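The lines below spell out each chain.
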Amino acid sequence: MPPVIIADTSCLILLEKIGELALLPQVFGPITVTGTVAKEYGLPLPEWAQVKHPQDLKQLQVLALTLDPGEASAIALALEQPDSLLIIDEQRGRRVAQQLQLTVTGTFGVLLQAKRSGYLAAIKPVLARIRQTNFRISAELETQVLRLAGEL
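Overview of the structure. (Residues numbered from 1 in each chain as written. Predicted model: local features only at pLDDT ≥ 70, side-chain atom pairs only at ≥ 80, totals over all residues. Heavy atoms only, no water.)

Turning our attention to the pattern of salt bridges. For the coordinates displayed, the defined rule picks out 3 salt bridges. In this structure, the salt-bridge partner of Lys-115 is Glu-151, at a minimum N-O distance of 2.9 Å. With Lys-115 in helix H7 (residues 107-116) and Glu-151 in the segment after helix H9 (139-148), this pair connects stretches of sequence that are 36 residues apart. The class for Glu-151 is buried, based on a relative accessible area of 17%. (Salt bridge = Lys/Arg side-chain N within 4 Å of Asp/Glu carboxyl O. Helix = DSSP H or I, 4+ residues; strand = E, 2+ residues; numbered from the N terminus. Buried < 20%, exposed > 50% of the residue type's maximum accessible area, 1.4 Å probe, protein only.)

Structure follows, in structure tokens:
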């Protein structure tokens, strides 16, 4: 597991909405977020979430030209943390992070790792709860996640 796990806002919000926020520290241990992500999250951060600010403000400004502030700050911080894992869901942010050669996963990657680690018995009921939120998931992605989880 990478030494630093950095989460963008969408993962925190979605896992909170479906009552699975505790999966993050169970699977990864401490999670790092930026101050911008903490503000976007809008709730008090759990004790296992630590706030760290990116130092390269020029890099942050460049990223903020095309990404929302939370994504830009999370990517900027990940660029400063060698061997980090960035949890980011939005396609544009993921694409930029991958172009910058960052290691990324998304909320569904977290769920898959939680199942592999024994913290979730099944992903299918969790996906059903996700569909009840405003989080968009395509039928193809849902099928792919269920296939990877061995639930198809």
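There is more to say after this.
Residues in a regular strand project their side chains so that they alternate between the two faces of the sheet. Burial along strand E4 (residues 84-87) is two-sided: Ser-84 and Leu-86 and Leu-85 and Ile-87, pointing in opposite directions, are all buried. One ladder, built from 4 bridges, connects strand E1 (residues 4-7) with E4; its direction is parallel. The residue bridging Ala-7 from the neighbouring strand is Ile-87, located in E4. Sheet topology note: the E4/strand E5 (residues 103-105) ladder contains 3 bridges and is parallel. Bridge pairing in E5 places Leu-86 opposite Val-104. Crossover E4 to E5 through helix H6 (residues 91-99) is right-handed. (Pairing = 2+ DSSP bridges. Right-handed = clockwise from strand over helix to strand, strands pointing away.)

Shape descriptors only; they carry no functional weight alone.
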